[in-house]
Amino acid sequence: MASTVTISHNFESAHRLPHLPGKCVSLHGHSWWAEVTVTALAPDAAGIVVEFGPFKKVLRGWIDEHFDHGVLLGTDDPLVPLLRAQDCKVYELIGWPTVENVAAHLAEVADELLATVDHAYSARVTRVEVRETHVNRAGWCA
């Protein structure tokens, strides 16, 4: 039996997918929602997987600092230097900022952040779901 904790957060960000045909080649924005789930095979002695407060603070802080009111672009996107020259907040993802890649990247970040707060010994990030609209979502699972 395992126990889980899920933290949700939303952010506003633009992205574009120039490698795909259709309308997503254009720079456009979304109201994104992210859910990060941490699972522990055995909670700690106090019955905790990870304390909500500290984990929420570091996870939401990272999302707000890097993603919120910014632009998610691929490292090869020619818009990166142009937007940075205009003092725009740009976050580069390896590959392209598909919802799938954003979820996988956020899983890596969340795992690093989990290591900075108190948590059960067996606690690991096991699931990340990212929604770019109310009807489009992608996930990452361990």
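Keep in mind the model is a prediction, meaning the values are calculated, not measured.

A. Representation of the state of the cysteines in the model. Within this structure, the stated rule accounts for zero disulfides. Summary of cysteine pairing: Cys 24 is not part of a disulfide, and the nearest cysteine sulfur, belonging to Cys 88, is at 20 Å. You can call Cys 24 partly exposed: its relative accessible area is 25%.

B. Region of the structure containing helix α1 (residues 52-66). Between its first and last C-alpha, α1 extends 21 Å over 15 residues, near the 21 Å set by a 1.5 Å rise per residue. For α1, every residue scored as buried is listed here: Phe 55, Leu 59, Trp 62 and Ile 63. Down the axis of α1, the buried set is contained in an arc of 95 degrees. They therefore lie on one face. Pointing more than 90 degrees away from the buried face of α1 are the exposed residues Lys 57 and Glu 65. Along its buried surface, α1 packs onto β1 (3-15), β2 (28-40), β4 (90-93) and α3 (99-114).

C. View of the pattern of salt bridges. Overall, the coordinates contain four salt bridges when judged by the stated rule. Between Asp 77 and Arg 16 there is a salt bridge whose closest N-O contact spans 2.9 Å. Note that Asp 77 is positioned in the loop between β3 (70-74) and α2 (79-85) and Arg 16 in the loop between β1 and β2, a separation of 61 residues in sequence. Across the salt bridge formed by Glu 92 and Arg 84, the nearest N and O atoms sit 2.7 Å from each other. A relative accessible area of 38% places Arg 84 in the partly exposed class. When salt bridges that share partners are traced, they join Arg 127, Glu 129 and Arg 137 into one network.

Cut-offs applied
- Residues numbered from 1 in each chain as written.
- Predicted model: local features only at pLDDT ≥ 70, side-chain atom pairs only at ≥ 80, totals over all residues.
- Heavy atoms only, no water.
- Disulfide = S-S within 2.5 Å.
- Buried < 20%, exposed > 50% of the residue type's maximum accessible area, 1.4 Å probe, protein only.
- Helix = DSSP H or I, 4+ residues; strand = E, 2+ residues; numbered from the N terminus.
- Expected span 1.5 Å × (residues − 1).
- Arc of directions from axis to C-beta.
- Contact = heavy atoms within 4.5 Å.
- Salt bridge = Lys/Arg side-chain N within 4 Å of Asp/Glu carboxyl O.

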